[in-house]
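Structural features, examined
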Amino acid sequence: MSKAKAKSDGPKCSAQVYTRIGRWGRFSPCANRGVVERDGKPYCRTHDPEAAKARREEQDAKHQAESDARAERRTREYLLDRLAVGVSTETLQALLDAGRTLAVMLREETP
Ligand SMILES: [Zn+2]
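Reading the values: rules and limits
- Residues numbered from 1 in each chain as written.
- Predicted model: local features only at pLDDT ≥ 70, side-chain atom pairs only at ≥ 80, totals over all residues.
- Helix = DSSP H or I, 4+ residues; strand = E, 2+ residues; numbered from the N terminus.
- Rg over C-alpha atoms; globule rule 2.2 N^0.38 Å.
- Buried ≥ 20, exposed ≤ 12 C-beta atoms within 10 Å, placed from the backbone.
- Contact = placed C-beta atoms within 7 Å.
- Domains from an automatic or database assignment.
- Nonpolar A, V, L, I, M, F, W, Y, C, P; charged D, E, K, R; others polar.
- Pairing = 2+ DSSP bridges.
- Expected span 1.5 Å × (residues − 1).
- pLDDT = per-residue confidence, 0-100.

It is worth spelling out the overall build of the chain at this point. Looking only at helices and strands, one finds three helices and four strands in the chain. In the chain, the succession of α and β elements from N to C terminus is α-β-β-β-β-α-α. Relative to a compact globule of 111 residues, whose C-alpha radius of gyration would be 13 Å, the chain shows 30 Å and is clearly more extended. Each principal axis of the C-alpha distribution contributes one length, and for the chain these read about 85 × 45 × 25 Å. Each of the 111 residues in the chain was classed as buried or not, and the buried ones make up 5%. Partitioning the intrachain contacts of the chain with sequence separation of at least 6 by distance along the chain shows that 23% fall at a separation of at least 24.

What follows is the structure, encoded as structure tokens:
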């Protein structure tokens, strides 16, 4: 038995993969060799249900962090907008400049 043949032996991955053919597609067995066993069935690294779950959870956490960051930005924009109601743009600019000047003065006073 050749080495290449030996490598292709062994259980195949239990996953079904969807292959697009033109407008439609069909499900067929994954061609990869099974390297892990879950509930008595072999799976390749790509279709290992636990690895897939970990990837999904990582993706969910990333989306949640992005969603939280967007909500935080919207809240800040809302608060800044509310803070500026009735205050002219010139006054806001003057307040910002005064704030910066004050910050510089406080830094210089700190030994
Ligand atoms: Zn597979």
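If you check the domain split of the chain, you get domain 1 (1-47) and domain 2 (48-111). Computed over C-alpha atoms only, the centres of domain 1 and domain 2 are separated by 47 Å. Taken together, the contact pairs five residues of domain 1 with five residues of domain 2. Of the residues belonging to the side of domain 1 that touches domain 2, the class tally is two nonpolar, one polar and two charged.

Moving on, we come to the pairing of strand E1 (residues 16-21). Burial within E1 is sparse, with just zero of its six residues counted as buried. With antiparallel pairing between neighbouring strands as the criterion, E1 and strand E2 (residues 24-29) make up a hairpin whose turn holds two residues, including Gly 22 at a positive phi of roughly 65 degrees.

Take the environment of Leu 96 next. Mapped onto the secondary structure, Leu 96 falls in helix H3 (residues 89-109). On the basis of neighbour count, Leu 96 is assigned to the exposed category, with 10 C-beta atoms found within 10 Å. When the C-alpha atoms of Leu 96 and Val 85 are compared, they prove to be 15 Å apart, with eleven residues separating the residues in sequence.

The next subject is the pairing of E2. Summarising burial for E2: zero of the six residues are buried, a small minority. Note: E1 against E2, six bridges, orientation antiparallel. By the bridge assignment for E2, Tyr 18 is matched with Phe 27.

Below, the discussion takes up helix H2 (residues 49-83). Relative to the 51 Å expected for 35 residues at 1.5 Å per residue, H2 spans 50 Å between its end C-alpha atoms, a close match to the ideal helical length. Among the 35 residues that make up H2, zero are buried, leaving the element largely open to the surroundings.

Position of Lys 62 among the secondary structure elements: in helix H2. Distance from Lys 62 to Gly 86, taken between C-alpha atoms, is 39 Å for residues 24 residues apart in sequence.

Next up on the list: the confidence of the model for the chain. On average, residues of the chain carry a pLDDT of 91, and 92% of them reach 70 or more. Taken as a whole, residues 1-6 scores under 50 in pLDDT and shows one contact with residues more than four places along the chain or in a different chain.

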